[in-house]
Amino acid sequence: MSVFEKIYAVVLKIPKGSVATYGQVAALAGNPRWARVVGYALHQNPAPGIIPCHRVVNRDGKTAKTFAFGGEAVQRRMLEEEGVEFDGDGRIDLERYGWRSGGGVT
């Protein structure tokens with residue numbers, strides 16, 4: 001399984017209404033140092049609408065400024081449609097909406 005495939009396998013597990021950070025996805029995919037690689041992989045998402053890349057946010061709970069599938073506002077709208085709320089600074093409460101994963105990819 002390629003690195004990107006491992007990343008996509010993790011992202012597919014993030015449930016609706018939850019988010020994960022780039023670092024969290026990287027660690028679950030096999031290497032906590034792959035956070036930037038997660039970003040590259042999500043920009044090349046081969047199955048938008050199936051692989052929910054909109055559920056991946058930065059460590060501060062903010063959306064991607066360069067969300068590949070329509071920009072930051074589109075990512076925010078997609079998350080809000082799933083029930084994720086943002087504070088006045090555009091952040092998601094990771095304690096409330098952060099995904100508590102059950103393990104990585106094998």
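These figures come from a predicted structure and were not determined experimentally.

## Notes on the pattern of salt bridges
At step 1: This model, assessed by the stated rule, comprises six salt bridges.
At step 2: The closest approach of N and O atoms between E72 and K65, which form a salt bridge, is 4.0 Å.
At step 3: Here E80 and R76 are joined by a salt bridge, their closest N and O atoms 3.0 Å apart. Highlighted residues: E80 and R76, both in helix 4 (residues 72-81), separated by four residues, approximately one helical turn.
At step 4: Since its relative accessible area comes to 40%, E80 is described here as partly exposed.
At step 5: Residue R76 is classed as partly exposed on the basis of its relative accessible area, which comes to 31%.

## Brief notes about the packing of aromatic side chains
At step 1: Across all of its chains, the model carries one aromatic pair by this definition.
At step 2: Considering the side-chain rings of F4 and Y8, the 6.2 Å spacing of their centres and the 70° angle between planes classify their relative orientation as edge-to-face. In this pair, F4 and Y8 are both assigned in helix 1 (residues 3-11), four residues apart and thus about one turn of the helix distant.
At step 3: For F4, a relative accessible area of 25% translates into the label partly exposed.
At step 4: Given a relative accessible area of 9%, Y8 falls into the buried group.
At step 5: Directly above the ring of F86 sits R76, whose terminal nitrogen or CZ lies 4.3 Å from the centroid.

## A closer look at the nonpolar core
At step 1: In terms of nonpolar packing, the biggest core is built from 23 residues, with I7, V11, I14, V25, V38, L42 and V56 touching the most fellow members.
At step 2: Of all the secondary-structure elements, those providing two or more residues to this core are helix 1, helix 2 (22-29) and helix 3 (35-43).
At step 3: A per-element tally of this core places helix 2 first, with five residues.
At step 4: Counting seven residues, the second-largest nonpolar core is a separate cluster that includes L79, V84, I92 and Y97.

## Let's talk about the side chain of Q75
At step 1: Tracing the backbone through its elements, the reader meets Q75 in helix 4.
At step 2: Q75 gets classed as buried once you look at its relative accessible area, which sits at 0%.
At step 3: Among the polar contacts made by the side chain of Q75, one reaches the main-chain carbonyl oxygen of H54 at a distance of 3.0 Å.
At step 4: If we ignore the near neighbours within four places in the chain, the residues touching Q75 are C53, H54, V56, V57, T63, A64 and F67.

Definitions and cut-offs
Residues numbered from 1 in each chain as written. Predicted model: local features only at pLDDT ≥ 70, side-chain atom pairs only at ≥ 80, totals over all residues. Heavy atoms only, no water. Salt bridge = Lys/Arg side-chain N within 4 Å of Asp/Glu carboxyl O. Helix = DSSP H or I, 4+ residues; strand = E, 2+ residues; numbered from the N terminus. Buried < 20%, exposed > 50% of the residue type's maximum accessible area, 1.4 Å probe, protein only. Phe/Tyr/Trp six-rings, centres within 6.5 Å; stacked < 30°, edge-to-face > 60°. Lys NZ or Arg CZ within 6 Å of the ring centre and 35° of its normal. Core = buried A, V, L, I, M, F, W, Y, C linked by side-chain atoms within 4.5 Å. Polar contact = N/O pair within 3.5 Å; in protein donor to acceptor, adjacent residues only side chain to side chain. Contact = heavy atoms within 4.5 Å.

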